[in-house]
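Per-entry structural report
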Amino acid sequence: MGIKKTIQQTNLARRQHLKTSAKFLSFALLFTEVEIAWGAKILGVRVWPSEDYTRITLESDTPLPVSQQILSNPDRLVVDVQGLELNPTLRDLVAKVKPNDPYIAQVRVGQFQPGVVRLVFDLKEPIKPQLFTLDPVGEYNYRMVFDLYPTTPPDPLMELVKSSARKESALAKSNEEVDFIAQFATKKEAPKSPVAQAIPEAKEAPAAAKYKRLITIAIDPGHGGEDPGAIGSLGSREKHVVLSIAKRLKDKIEGEAYMRPFLTRDGDYFVPLHVRVQKARRVEADLFVSIHADAFIQPHAKGASVFALSQMGASSSMARWMANKENASDLIGGINIKTQDRQVANLLLDMSTTAQIKDSLQVGNSILKQISGFAPLHKGKVEQASFAVLKAPDIPSILVETAFISNPQEEVRLNDDGYQDRIAEAILKGIKDYFSKNPPVARRANS
């Protein structure tokens, strides 16, 4: 009887031990699940406002599942991020939204429930959000991206027409005056009209008189936003340098009576490659000039270059390398693949593209000649490669590498106001030389 009781006590103790072990194991598994679910670490939060859209980026060490809902009265976007606990980095998002953001009034961040952080974006107007995740690339880890687009996007052509209305009117008036004077130029006794009296020395037509409409130049500063471009040894970022040069070129073109500039980006935000092409086509640009200051694997590489599109492959191994590097901009900057315009991305080269390349080579050579007057060239002729940003079939398109930011001496030069201004002036002179020999054809009145 004593032996039997001892066996029962032993079995009971064993069952209790197994129960305790099972509870501990369940708790351990639960703890592990919690750690997995709540283990995501936020590495950074960034906000990139622009007139086109505002982008918010959450960078983390693991992917972040999210859910969203749009609410009205008042307009706001509510985003729940799973697997997070509120921390100072996330709270910092509040301070990153500035008062001049076109679409976000403010953002509120809170711990909605354990393991779920809620972001509430109070909006200035209705928006169409795009939320997507980017896998690690370059120096970035996983990124959750919120792109907030206006429901009624701005029309770049209408804005350009409005901004250049006075110049358009002045050019039309100038052409009317020249036509009036030319009408009586062959007559011995031409009537003295008020116009003729006002312009007694009208034997030579003004330089702008050969142009029947304004010439639209699309200026494309490379990179921007999440995509810094090349970074020099002193920390200079390509995206900032080329935007500065592009704005200088814009100001110079504004000073020309028969030209108007259009920037594909006017601030520090990302524009996908195919959208840059679309923008140029929407404003019916006569020329597309993409401005860069790239890096190369060898720090002693130096000199400015000009590139055009190629039908047959790259003209050199460096041209191919540069094209591949520039075409990777979408991966770094963060493109929403679901909305990418494949028609532009996979453009088939046709007869119109052949003519585009011919014109691109002409304007490229004109610009290269101007740059050679004060700066070293990497190559003395326009190179060619399959740059995605040059694939507008109906617009002459070139890419200007102003210098190598990876070269310490050229990095210093690229940050010099004087050099930036001379590069912009050289590009303008090359453009003017090209159009003086190839004036654009007339177009409908409202363009």
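Residues numbered from 1 in each chain as written. Predicted model: local features only at pLDDT ≥ 70, side-chain atom pairs only at ≥ 80, totals over all residues. Heavy atoms only, no water.

1. Considerations on the overall build of the protein chain
Quick reminder of the rule: Going along the chain from the N terminus, every DSSP run of H or I of four or more residues is numbered as a helix, and every run of E of two or more is numbered as a strand. Relative accessibility under 20% of the residue-type maximum defines a buried residue, over 50% an exposed one, and the middle range a partly exposed one, all with a 1.4 Å probe and only protein chains included.
The secondary structure content of the protein chain amounts to 14 helices and 14 strands. The buried share among the 447 residues of the protein chain stands at 45%.

2. Topic: the packing of aromatic side chains
Rule in force here: Any two of the Phe, Tyr and Trp rings considered here, Trp counted by its six-membered ring, make a pair once their centres fall within 6.5 Å; the pair's planes then place it as stacked at under 30 degrees, edge-to-face at over 60, or tilted in between.
In total, this model carries eight aromatic pairs according to the counting rule given. Between F307 and F387, the aromatic rings sit 5.2 Å apart at their centres with planes inclined by 55 degrees, giving tilted as the arrangement. Of the two residues, F307 is situated in strand β12 (residues 305–309) and F387 in the loop between β13 (383–385) and β14 (397–401); the sequence distance between them amounts to 80 residues. In this structure F307 comes out as buried when scored by relative accessible area, which is 1%.

3. What to know about the environment of L263
Put simply, the test is: When checking whether two residues touch, look at their non-hydrogen atoms; a contact exists if any pair is within 4.5 Å.
Residue position: L263 is located in strand β10 (residues 259–263). The spacing of L263 and A218 is 45 residues in sequence and 5.9 Å in space, taken between C-alpha atoms. In this structure L263 touches I219, P221, A246, K247 and K250, once residues within four positions along its chain are discounted.

4. Some remarks on the packing of helix α7 (residues 238–254) against helix α14 (residues 417–437)
Threshold: Geometry is summarised by axes, namely lines fitted to C-alpha atoms with helices restricted to the contacting stretch, and by angles between N-to-C directions that run from 0 to 180 degrees. When an angle is under 35 degrees it counts as roughly parallel; over 145 it counts as roughly antiparallel; between 65 and 115 it counts as roughly perpendicular; any other value is oblique. Left-handed describes a crossing in which the near helix is turned anticlockwise from the far one by less than a right angle; the clockwise case is right-handed. Residue polarity follows a fixed list, in which Ala, Val, Leu, Ile, Met, Phe, Trp, Tyr, Cys and Pro are nonpolar, Asp, Glu, Lys and Arg are charged, and the others, Gly among them, are polar.
One way to put it is that α7 packs onto α14 with a least axis distance of 9 Å and a crossing angle of 50 degrees. Accordingly, the angle class assigned to the pair α7 and α14 is oblique. Where α7 crosses over α14, the two elements pack in a sense that is right-handed. Each of V241, S244, I245, R248, L249, K252 and I253 in α7 lies in contact with α14, whose residues at this interface are D417, Q420, D421, I423, A424, E425, I427 and L428. Broken down by class, the residue content of the contact of α7 with α14 amounts to eight nonpolar, two polar and five charged.

5. Some remarks on a negative patch on the surface
Threshold: Like charges are joined within 9 Å and nonpolar side chains (Val, Leu, Ile, Met, Phe, Trp, Tyr) within 5 Å, but only among residues with over 30% relative accessible area and no salt bridge; these make up the patches. Reported accessibility uses the Shrake-Rupley method at a 1.4 Å probe radius. Residues are deemed covered only where the shown protein chains occlude them. Salt bridge, as used here, is a side-chain nitrogen of Lys or Arg placed within 4 Å of a carboxyl oxygen of Asp or Glu. Charge convention: Lys and Arg are scored as positive, Asp and Glu as negative, and His as well as the terminal groups of each chain are ignored. Taken as the charge location is NZ of Lys, CZ of Arg, CG of Asp or CD of Glu.
Among the surface-exposed residues, E51, D155, E159 and D266 lie close enough to one another that they form a single negatively charged patch. Structurally, E51 can be placed in the loop between β1 (42–48) and β2 (54–60).

6. Concerning the nonpolar core
Put simply, the rule reads: The term nonpolar core refers to a set of buried residues drawn from Ala, Val, Leu, Ile, Met, Phe, Trp, Tyr and Cys, joined through side-chain atoms within 4.5 Å.
Of all hydrophobic cores here, the largest spans 44 residues; its most connected members are I217, M259, V289, I291, I427, I431 and F435. Of all the elements, α14 adds the most residues to this core, at nine residues. Setting aside its immediate chain neighbours within four residues, V289 contacts I217, A218, I219, D220, I398, V400, I427 and I431.

7. Details of the environment of A40
Inspection of the secondary structure puts A40 in the loop between α1 (2–38) and β1. When its relative accessible area of 16% is taken as the criterion, A40 is described as buried. It is 9.9 Å that separates the C-alpha atoms of A40 and G115, two residues lying 75 residues apart in sequence. The residues touching A40, leaving out its near neighbours within four places in the chain, are D61, T62, L64, G83 and L84.

8. What to know about the sheet that holds β1
To keep things clear, this is the line we draw: When DSSP finds two or more bridges between a pair of strands, those strands are recorded as paired.
The four strands lie next to each other as β1-β2-β8-β7, forming an open sheet whose pairing is antiparallel. Each edge of the sheet is formed by a strand with only one pairing partner; in this case those strands are β1 and β7 (127–134). When strand polarity is set aside, the average angle formed by the axes of neighbouring strands in this sheet is 10 degrees. Here β7 runs beside strand β8 (residues 142–150); their pairing, made up of eight bridges, is antiparallel. Note on β8: the bridge partner recorded for F132 is V145.

9. Regarding unusual backbone geometry
A negative phi angle is the norm for most residues apart from glycine, just as the trans form is the norm for most peptide bonds. Residue P74 is bonded to the preceding N73 through a cis peptide linkage, with omega at 5 degrees. Position of P74 among the secondary structure elements: in the loop between β3 (66–71) and β4 (76–82). Within the chain, N73 stands out as a residue other than glycine whose phi angle is a positive 55 degrees. Looking at the secondary structure, you find N73 in the loop between β3 and β4.

10. A look at the sheet that holds β14
With respect to topology, six strands assemble into an open sheet ordered β10-β9-β11-β14-β12-β13, the strand pairing being mixed. On the outer flanks of this sheet lie β10 and β13, each paired with one strand and no other. Going across the sheet, the axis of each strand differs from the next one's by a mean of 30 degrees, ignoring polarity. Helix α9 (residues 317–327) rests against β11 (287–292), β12, β13 and β14 of the sheet, and its axis sits at about 50 degrees to β13. Seen against the sheet, α14 touches β9 (215–221), β10, β11 and β14 and runs at an angle of roughly 160 degrees to β11.

11. Let's talk about the side chain of R55
To be explicit about the condition: Polar contacts, as counted here, are pairs of nitrogen or oxygen atoms within 3.5 Å of one another; within protein the pair requires one atom able to donate a hydrogen and one able to accept it, and residues that are adjacent in sequence qualify only if both atoms are side-chain atoms.
The residue R55 is located in strand β2 in this model. Within the local environment of R55, its side chain forms a polar contact with the side chain of D147, the two groups lying 2.7 Å apart. When near neighbours in sequence (up to four residues on either side) are disregarded, R55 contacts R46, V47, W48, F132, V145, F146, D147, E226, F270, G333 and G334.

12. Concerning the pairing of β14
Burial within β14 is extensive, with five of its five residues counted as buried. By the alternation rule, side chains of β14 split into S397, L399 and E401 and I398 and V400, which are all buried. Relative to β14, β11 is paired through five bridges, and the arrangement is parallel. Bridge pairing in β14 links H292 to E401.

13. Digging into the pairing of β3
Judged from the six bridges that link them, β3 and β4 form a sheet pairing that is antiparallel. Its bridge partner being in β4, Q69 is matched across the sheet by V78.

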